[in-house]
Amino acid sequence: MPDVPNNPISATVDFSREGVQHGFLKLPYSRDDSAWGAVMIPITVIQRGSGPTALLSGGNHGDEYEGPVALSKLAQQLSAEDVSGRVIIVPFMNTPAFHAGRRTSPIDKGNLNRSFPGRPDGTVTEKIADYFNRTLLPLADIVLDIHSGGRTLDFLPFAACHVLPDKTQQARCEAGMLAFNAPYCMRMLELDAGSMYDTAAESQGKVFVTTELGGGGSSSARSVAIAERGVRNLLVHAGILRGTIELQPSLILDMPDASCFIASEHDGLLEMCRDLGENVTLGEVVARIYDATRSGVAPVEYRAARSGLLAARHFPGLVQCGDTLVVIADVLA
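Here the structure is a predicted model, which is why all the values come from computation and not from measurement.

Caption draft 1: Expanded view of the sheet that holds strand S15 (residues 285–290). Sheet architecture is open: four strands sit in the order S16-S15-S13-S18, paired in antiparallel fashion. Only two strands of the sheet have a single neighbouring strand rather than two, namely strand S16 (300–303) and strand S18 (318–319).

Structure below.
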């Protein structure tokens, strides 16, 4: 096999050093307004003694804010004396997308969470993915990637894990999900998992937990509080922080198959007929789409393909053909 090129990203922090370090992952990027410029991805490393390593990330998509807010606060507040082991915090994983307030990078249109395992000689987004895949993930025992719906989706606030072939690993991921203790916990089905960060972490045997904590392209006091409490709960669960897990009531949800998803087959104006958290029944009208080019035309009705809880919805009032309108989940407990 040919040698794999070295990744051009360099870290200004030392991953083996004790104490608290704030620095950057520096990715050289020559551009029109900065010939010898770089993409500077903020990173914090907090380490004391021996113990597990947690890799915590937000901003995988640049229009999702609960992770960046909660992890920025954690990076400021956490001291080395609090930690047994190591915490690596990357609040703005896809820094170019985050600064643009976009799901994808303005540099190369790259969706970081669909770019794994990445390439060290690829686009900016592929280089970031490769660095996480080959440098940061191997350091970690437990991985948390905080998501929300961004500008185009809204979710019930849930922590999530995936159904995995290795049931022992799946059980460890589920334990982490339950420890995060969002108001809802989801066994999540991904429609396109092959190139996701989630899959990269799970394929390396890591305990992987993700979230969807709201949406609409902003955060709320409630959603940030869920993220903050969940991160600390997970670090206590991992044995990195001392203390007890703060538990609140949580519903267990499942997305067992593709019938959970209702996709639009039309462009137009969206009317939601059920709200997040409401129960729906098989065959019930959950959304209507109106032709926005003329009046006097009956809307197209979209009906539930299963009974369950409305767990996600399209966020803006206008939809395009192919957009996910609704996600309906089973309630397990």
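Caption draft 2: Seen up close, the environment of Leu55. Checked against the element boundaries, Leu55 lands in strand S4 (residues 53–57). Once the C-alpha coordinates of Leu55 and Asp145 are considered, the two residues, 90 residues apart in sequence, prove to be 8.3 Å apart. Ignoring sequence-local partners within four residues, the contact set of Leu55 consists of Ile88, Val90, Phe132, Leu136, Leu137, Ala140, Ile142, Val143, Leu144 and Tyr197.

Caption draft 3: Looking closely at the environment of Arg172. Within the element layout of this structure, Arg172 appears in helix H4 (residues 167–180). In the structure, Arg172 is positioned 36 residues away from Phe208 in sequence and 8.6 Å away in space, judged by C-alpha atoms. Excluding its chain neighbours within four sequence positions, the residues that come into contact with Arg172 are Gly205 and Val207.

Caption draft 4: Local environment of the packing of aromatic side chains. Scanning the model with the defined rule gives six aromatic pairs in all. For the ring pair Phe92 and Phe98, a centre distance of 4.6 Å and an interplane angle of 35 degrees mean the geometry is tilted. Assigned by exposure class, Phe92 and Phe98 land together as buried. Taking 6.0 Å as the distance between ring centres and 90 degrees as the angle between the ring planes, the aromatic pair formed by Tyr197 and Phe208 counts as edge-to-face. One end of the pair, Tyr197, is in helix H5 (residues 197–203); the other, Phe208, is in strand S10 (residues 207–212), with 11 residues separating them in the sequence. Linked through ring pairs, Phe116, Phe132, Tyr197 and Phe208 together constitute an aromatic cluster.

Caption draft 5: Looking closely at the nonpolar core. Ranked by size, the top nonpolar core spans 34 residues in total, and within it Leu56, Leu74, Val87, Ile89, Leu144, Val231 and Leu235 carry the most contacts. Elements that contribute at least two residues to this core include exactly S4, helix H1 (66–77), strand S5 (85–90), strand S6 (142–145), strand S8 (158–162), H4, S10 and helix H6 (221–237). Counting residues per element, this core draws most heavily on H6, which supplies six residues. If sequence neighbours within four positions are ignored, Val87 has contacts with Thr44, Val45, Ile46, Ala54, Leu56, Leu78, Leu235 and Ile240. Ranked by size, the runner-up nonpolar core spans 28 residues in total, among them Leu27, Met93, Ile128 and Phe132.

Caption draft 6: Inspection of the pairing of S4 at higher detail. Of all five residues in S4, five are buried; the element is thus mostly enclosed. Of the two faces of S4, both are covered, the one formed by Thr53, Leu55 and Ser57 as well as the one formed by Ala54 and Leu56. Two elements, S4 and S5, share five bridges in a ladder whose sense is parallel. Along S5, the bridge assignment pairs Leu56 with Ile89. Handedness of the crossover joining S4 and S5 through H1: right-handed. As paired elements, S4 and S6 share four bridges and run parallel to each other. Each bridged residue has a counterpart across the sheet, and for Leu56 the counterpart in S6 is Leu144.

Caption draft 7: Examining the packing of H1 against H6 more closely. Between H1 and H6, the shortest axis-to-axis distance is 9 Å and the interhelical angle comes to 55 degrees. Overall, the two elements H1 and H6 adopt an arrangement that is oblique. Like other packed secondary-structure pairs, H1 and H6 cross with a definite hand, here right-handed. Where H1 approaches H6, its residues Glu66, Val69, Ala70, Leu71, Lys73, Leu74 and Gln77 are matched on the opposing element by Ser223, Val224, Ala227, Glu228, Val231, Arg232 and Leu235.

Caption draft 8: Highlighting the pattern of salt bridges. Applying the stated criterion to the full structure yields 16 salt bridges. Residue Glu271 pairs with Arg288 through a salt bridge whose shortest N-O separation is 3.2 Å. Here the residue Glu271 occupies a position in strand S13 (residues 268–272), and Arg288 occupies one in strand S15, the gap between them amounting to 17 residues. With a relative accessible area of 23%, Arg288 lands in the partly exposed category. Look at the salt bridges and you will find they share partners, linking Glu271, Arg288, Glu301 and Arg303 into a network.

Reading the values: the criteria
- Residues numbered from 1 in each chain as written.
- Predicted model: local features only at pLDDT ≥ 70, side-chain atom pairs only at ≥ 80, totals over all residues.
- Heavy atoms only, no water.
- Pairing = 2+ DSSP bridges.
- Helix = DSSP H or I, 4+ residues; strand = E, 2+ residues; numbered from the N terminus.
- Contact = heavy atoms within 4.5 Å.
- Phe/Tyr/Trp six-rings, centres within 6.5 Å; stacked < 30°, edge-to-face > 60°.
- Buried < 20%, exposed > 50% of the residue type's maximum accessible area, 1.4 Å probe, protein only.
- Core = buried A, V, L, I, M, F, W, Y, C linked by side-chain atoms within 4.5 Å.
- Right-handed = clockwise from strand over helix to strand, strands pointing away.
- Axes fitted to C-alpha atoms, helices over the stretch in contact; angles between N-to-C directions.
- Parallel < 35°, antiparallel > 145°, perpendicular 65-115°, else oblique.
- Left-handed = near helix turned anticlockwise from the far one by under 90°.
- Salt bridge = Lys/Arg side-chain N within 4 Å of Asp/Glu carboxyl O.

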